[in-house]
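Commentary on secondary and tertiary structure
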Amino acid sequence: MAPTNPGLSLVVLRNVPLFSGLDEVELDKLSKVAGRRRVARGGVIVRAGDTTDSLYILLSGRAKVTNSDEEGREIILAWLGPGEFFGEMGLIDSSPRSASVMAVEACELLNIGRDAFHRCMQDNFQVAQKLMQILVLRLRDADRKIESLALLDVYGRVARLLLEMSVEEDGRRVVKKKMSKQDMARMIGASREMVSKVMRDLELSGHIVCEGDTITIMGD
């Protein structure tokens with residue numbers, strides 16, 4: 001683990017939604033106990049079943065949260081980018097890691113240990129309140145995914161995934177996050193071949209336009 005850089009940590013912590021309500025004094029305290037870690041592309045940041053001892057905040061790079069089904073096939077639960085964090089659930093209930101997190105690109109992270117995180121929540125109600133709000137949002141997202149798997153066919157699941165991954169740009173919805181067909185399949189519980197077919201059909205019918213790694217969702 002690289003030595004802590006309080007200056008960098010303070011800047012990053014100030015922009016993490018979970019700690020947005022803290023004043024400079026509290027942010028400074030937290031920054032001084034935060035460590036830094038670098039993980040190469042393809043490296044495992046945390047593994048499912050490991051003891052949960054830290055909250056991780058992604059400074060740079062991209063990572064994916066994964067699990068495996070009963071047959072050992074990878075399921076992608078979420079994508080993480082700079083400023084996003086993970087590991088908070090195990091710090092609350094002391095359970096082992098529920099999923100693995102792998103670096104899709106070279107990543108740099110801050111980590112805050114269990115004791116420091118607990119002290120922060122005890123001393124700052126707004127952090128505990130913000131954490132509850134974020135956990136509720138993640139629960140709602142999980143509910144939507146379960147509903148999608150239960151009620152939508154593969155066409156519907158692909159369409160919903162594209163909409164959820166998109167951002168508005170010049171009046172249109174655009175997907176800029178690089179995703180392979182295999183990654184999409186692992187996110188919606190389908191085969192890569194079926195996802196490829198659906199994407200091809202959506203493009204031929206004019207519902208989407210694919211240019212390099214960018215997908216534009218066309219209006220009616």
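Residues numbered from 1 in each chain as written. Predicted model: local features only at pLDDT ≥ 70, side-chain atom pairs only at ≥ 80, totals over all residues. Heavy atoms only, no water.

Where an unreviewed UniProt entry is consulted, the protein appears under the name Cyclic nucleotide-binding domain-containing protein, with the organism given as Candidatus Dechloromonas phosphorivorans.

**Digging into the overall build of the protein**
Looking only at helices and strands, the protein features eight helices and twelve strands. Relative to the globule expectation of 17 Å for 220 residues, the C-alpha radius of gyration of the protein, 19 Å, shows essentially globular dimensions. C-alpha atoms of the protein, sized along the principal axes, occupy 55 × 45 × 30 Å. Residue burial in the protein is summarised as follows: out of 220 residues, 39% are buried. Within the protein, contacts between residues at least 6 apart in sequence are counted, and of these 69% link residues at least 24 apart. Summed over all atoms, the accessible surface of the protein reaches about 12200 Å², with 52% contributed by carbon and sulfur. In the protein, 31 positive and 32 negative side-chain charges are present, and the distance between their average locations comes to 3 Å. (Helix = DSSP H or I, 4+ residues; strand = E, 2+ residues; numbered from the N terminus. Rg over C-alpha atoms; globule rule 2.2 N^0.38 Å. Buried < 20%, exposed > 50% of the residue type's maximum accessible area, 1.4 Å probe, protein only. Contact = heavy atoms within 4.5 Å. Areas by Shrake-Rupley, 256 points an atom, 1.4 Å probe, with all protein chains shown as cover. Lys, Arg positive; Asp, Glu negative; His and termini not counted. Charge placed at Lys NZ, Arg CZ, Asp CG, Glu CD.)

**Here we look at the packing of helix H6 (residues 154-165) against helix H7 (residues 181-188)**
Look at H6 against H7: their axes get within 10 Å of each other, and the N-to-C directions meet at 105°. Judged by the angle between their axes, H6 and H7 are roughly perpendicular. In contact with Val154, Arg157, Val158, Leu161 and Leu162 of H6, H7 contributes Met184, Met187 and Ile188. Taken together, the residues that form the contact of H6 with H7 break down as seven nonpolar, no polar and one charged. (Axes fitted to C-alpha atoms, helices over the stretch in contact; angles between N-to-C directions. Parallel < 35°, antiparallel > 145°, perpendicular 65-115°, else oblique. Nonpolar A, V, L, I, M, F, W, Y, C, P; charged D, E, K, R; others polar.)

**Some remarks on the confidence of the model for the protein**
A residue-level look at the protein finds 95% of positions with pLDDT of 70 or above and a mean pLDDT of 86. Across the protein, strand E7 (residues 100-103) holds the top mean pLDDT of 96, while helix H1 (residues 6-14) sits lowest at 70. (pLDDT = per-residue confidence, 0-100.)

**Quick look at the sheet that holds strand E3 (residues 54-60)**
Strand order across the open sheet formed by four strands is E1-E8-E3-E6, with antiparallel pairing between neighbours. Edge positions in the open sheet fall to strand E1 (35-39) and strand E6 (85-86), since each of these has one partner strand only. Examined bridge by bridge, E3 and E6 share two bridges and lie antiparallel to one another. Its bridge partner lying in E6, Ile57 is registered against Phe85. Sheet contacts for helix H4 (residues 114-123): E3 and strand E8 (107-113); angle to E8, the most-contacted strand, approximately 65°. (Pairing = 2+ DSSP bridges.)

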